[in-house]
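# A look at the structure
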Amino acid sequence: MLLTITNTRHPATHLGYLLAKHPERVQSFDLSFGKAHVFYPEAAPDCCTAALLLDVDPVGLVRGPASGFGTRGGGPLANYVNDRPYVASSFLSVALAEVYRSALGGRCREHPELAEERLPLSAHLPVLPCRGGEGFLRQLFEPLGYQLHAEPLPLDETRPEWGRSVYFSVTLEGECRLQDLLSHLYVLIPVLDRDKHYWMAPDEVDKLFRHGEGWLHTHPLREEIGRRYLFRRPSLLREALARLTADDAGAAEEREERQDAEEQAGERALRLNDLRIQAVAQVIRAAQPRKVLDLGCGEGRLLRELLRDAQIEQLTGVDVSIRALEIAQSRLRPERIGNAAAQRVQFLHGALNYRDSRLEGYDAAAVMEVVEHLDPPRLHSFARVLFEHARPGLVALTTPNAEHNVRWPALPAGRFRHRDHRFEWTRAEFRAWSDDVAARFGYAVSYEPIGADDPEVGPPTQMAVFRKAGA
Ligand code: SAH
């Protein structure tokens, strides 16, 4: 079972960033019903195609834990001889959600702005079952703005007299965000298929709405889509239909608004996290350090990003929270990132307000979203520990900009962004503290915004970059 996605906007290989899959590598993923492989048959500046190949194990399917697969009582043979390995079915949706998870969610770690870009994309499904025929296919995809090319496949190429099968070779072409294309496929492939194989959990309705967000409500066939998507579970269907047809329009609207606000807040936070990691990593990389500290490393996301840089020989994550260190350690264990990479990282348990000789001798340090977790009376000892004793050549320190909070509608006035924040600084307060620290300990300091720099209230996150005098 195969799905290829092609981008023709120069540089087309940006598709690799969007899918978070490198165009020069073949990558394989274990799924509960078989294996998925991603590779690029073409990766040129003007045309780049990513292929997702699903290798479904038909025997494992019937015997294995991926049950719930409907065989409609075709005798024992039917259990083993079925079309699942060959046709685009709801397995493909499951694979999309796992293998292209970030792209489906509209996230792009390396180039967040790419996820929002409308691209000339096409998707090709060589074998798509379609109960309802070509007319139904068109009714599904054309309202979403695609040009559809569908070629019916013969039941048996050597026996044309047998006529057509229910399968089509389908190509969709359109200009949209990759996230849109993937969510359309995610919802509509199972709709075309009769055997929705996986167990219908109550969250199916939520999945349908999550991935249908922004288009399903206005689709002319929304009820039919809901019905086919959920066809085995009448109770779920009723819920979905109620939500889709919005008989209680007021309540539905309110719910939508609330969901929108929550999602926007969540999305913003995600995007800001990515931007912050990129900004800090960039400043650190530019200094070409060999040994780098991540102070208050949390769950290790910056470490993982910095590990991609082969010139960094040693990365040390420090945190006071054992739980955070355990998570970071498990994310960066050798089975996940390879032995060589894992050997370059180490973790230290420690509190940043106590002098610690293990922190000496580093070229650069990140202190990302940590100072605001310290009680103000401890800031003084923290500054001494870092700038007087550890004395790295460069320090990149980020913290929220309190002035920006008024731009976050989900955040009640006067509240901090996180329960554990002890304070949040305005730009002036942050500069006053940083200028003072730099002057006292012999560093030069400069400031950079992270996230959009609002003319009135500044950026959501502020960064100070300290460079040791003479370094
Ligand atoms: N730098 C990470 C985590 C930020 S959350 C990121 O940006 O994603 C703040 C982290 O600082 C938490 O993991 C918390 O355990 C740690 N922290 C708070 N006070 C600390 C202290 N006194 N010493 C060391 N780490 C501390």
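Computed from a prediction, not measured in an experiment: that's the story for all the values here. (Residues numbered from 1 in each chain as written. Predicted model: local features only at pLDDT ≥ 70, side-chain atom pairs only at ≥ 80, totals over all residues. Heavy atoms only, no water.)

Before going further, it helps to spend a moment on the packing of aromatic side chains. Each aromatic ring pair is summarised here by two numbers: the centre-to-centre distance and the angle between the ring planes. Inspection of every chain in the model, using the stated rule, returns 9 aromatic pairs. Arranged with centres 6.0 Å apart and planes meeting at 75 degrees, the rings of Phe 430 and Tyr 447 form a pair that is edge-to-face. Of this pair, Phe 430 sits in helix H17 (residues 427-441) while Tyr 447 is found in strand E13 (residues 443-450), placing the two residues 17 residues apart along the sequence. Through a chain of ring-to-ring contacts, the aromatic side chains of Phe 382, Phe 423, Trp 425, Phe 430, Trp 433 and Tyr 447 assemble into a single cluster. Sitting above the plane of the Tyr 362 ring, Lys 291 keeps its charged end 4.6 Å from the centroid. (Phe/Tyr/Trp six-rings, centres within 6.5 Å; stacked < 30°, edge-to-face > 60°. Helix = DSSP H or I, 4+ residues; strand = E, 2+ residues; numbered from the N terminus. Lys NZ or Arg CZ within 6 Å of the ring centre and 35° of its normal.)

Contact geometry for helix H7 (residues 178-192) and helix H9 (residues 222-229): axes closest at 8 Å, N-to-C directions at 70 degrees. For the element pair H7 / H9, the angle class is roughly perpendicular. Two packed elements cross with a definite hand, and for H7 against H9 that hand is left-handed. Contact residues: H7 offers Tyr 186, Val 187, Leu 188, Pro 190, Val 191 and Leu 192, while H9 offers Ile 225, Arg 228 and Tyr 229. Among the residues making up the contact of H7 with H9, the classes are represented as 8 nonpolar, no polar and 1 charged. (Axes fitted to C-alpha atoms, helices over the stretch in contact; angles between N-to-C directions. Parallel < 35°, antiparallel > 145°, perpendicular 65-115°, else oblique. Left-handed = near helix turned anticlockwise from the far one by under 90°. Contact = heavy atoms within 4.5 Å. Nonpolar A, V, L, I, M, F, W, Y, C, P; charged D, E, K, R; others polar.)

Another point: the confidence of the model for the protein. For the protein, per-residue confidence averages 84 on the pLDDT scale, and residues scoring 70 or more make up 80% of the total. Low confidence marks residues 61-81, where pLDDT is under 50. Its contacts with residues over four positions away, or in another chain, come to 28 contacts. (pLDDT = per-residue confidence, 0-100.)

Ranked by size, the top nonpolar core spans 66 residues in total, and within it Tyr 100, Leu 137, Phe 141, Leu 178 and Leu 185 carry the most contacts. Looking at this core, the element that brings in the most residues is H7, giving 10 residues. (Core = buried A, V, L, I, M, F, W, Y, C linked by side-chain atoms within 4.5 Å. Buried < 20%, exposed > 50% of the residue type's maximum accessible area, 1.4 Å probe, protein only.)

Looking now at the site of the ligand. Taken together, 15 residues lie around the ligand, and Gly 296, Asp 319, Leu 352, Asn 353 and Met 368 are the ones closest in. One of the backbone nitrogen or oxygen atoms of Gly 296 is found 2.7 Å away from a nitrogen atom of the ligand. In this structure, an oxygen atom belonging to the ligand sits 2.5 Å away from a side-chain N or O atom of Asp 319. Considering the ligand on its own, with 570 Å² of exposed area, one finds that the protein chains cover 79% of that surface. (Near = heavy atom within 4 Å. Polar contact = N/O pair within 3.5 Å; in protein donor to acceptor, adjacent residues only side chain to side chain. Areas by Shrake-Rupley, 256 points an atom, 1.4 Å probe, with all protein chains shown as cover.)

The next point concerns the state of the cysteines. Per the stated rule, a full pass over the model turns up 0 disulfides. Here Cys 48 stays unpaired: no disulfide links it, and the sulfur of Cys 47, its closest cysteine neighbor, is 7.4 Å away. Overall, the relative accessible area of 0% leaves Cys 48 in the buried class. (Disulfide = S-S within 2.5 Å.)

It is worth spelling out the environment of Gly 300 at this point. Position of Gly 300 relative to the elements: it lies in the loop between strand E8 (291-295) and helix H12 (301-307). You can call Gly 300 buried: its relative accessible area is 3%. Linking Gly 300 and Asp 319, residues 19 residues apart in sequence, is a C-alpha distance of 9.9 Å. Aside from chain neighbours lying at most four places away, what touches Gly 300 is Ala 328 and Leu 332.

Next up on the list: the environment of Ala 20. For Ala 20, the position within the fold is in the loop between helix H1 (14-19) and strand E2 (27-31). Sequence separation of Ala 20 and Val 99 is 79 residues, and the distance between their C-alpha atoms is 9.2 Å.

Before going further, it helps to examine the pattern of salt bridges. Working definition: two side chains of opposite charge can pair if their charged atoms are close together. Going through the model one piece at a time under the given rule, you end up with 26 salt bridges. In this structure, Glu 299 and Arg 331 form a salt bridge, with 3.6 Å as the shortest nitrogen-oxygen distance. With Glu 299 in the loop between E8 and H12 and Arg 331 in helix H13 (residues 322-331), this pair connects stretches of sequence that are 32 residues apart. Given a relative accessible area of 26%, Arg 331 falls into the partly exposed group. Within the structure, one salt-bridge network assembled from shared partners comprises Arg 109, Glu 110, Arg 285, Glu 305, Arg 308 and Asp 309. (Salt bridge = Lys/Arg side-chain N within 4 Å of Asp/Glu carboxyl O.)

Here we come to the packing of helix H4 (residues 90-99) against H7. Close contact between H4 and H7 brings their axes to 7 Å; oriented N to C, the two are set at 150 degrees. Between H4 and H7, the angle is such that the two are roughly antiparallel. The two elements H4 and H7 cross, and the hand of that crossing is left-handed. Residues Ser 90, Leu 92, Ser 93, Leu 96 and Ala 97 of H4 lie in contact with H7, whose contacting residues are Leu 182, Leu 185, Tyr 186, Ile 189 and Pro 190. For the contact of H4 with H7, the residue count by class is 8 nonpolar, 2 polar and no charged.

Along H13, the residues classified as buried are Ala 324, Leu 325 and Ala 328. Viewed along the axis of H13, the buried residues span an arc of 100 degrees, placing them on a single side of the element. Residues of H13 that are buried sit in contact with strand E9 (314-319) and strand E10 (345-349). (Arc of directions from axis to C-beta.)

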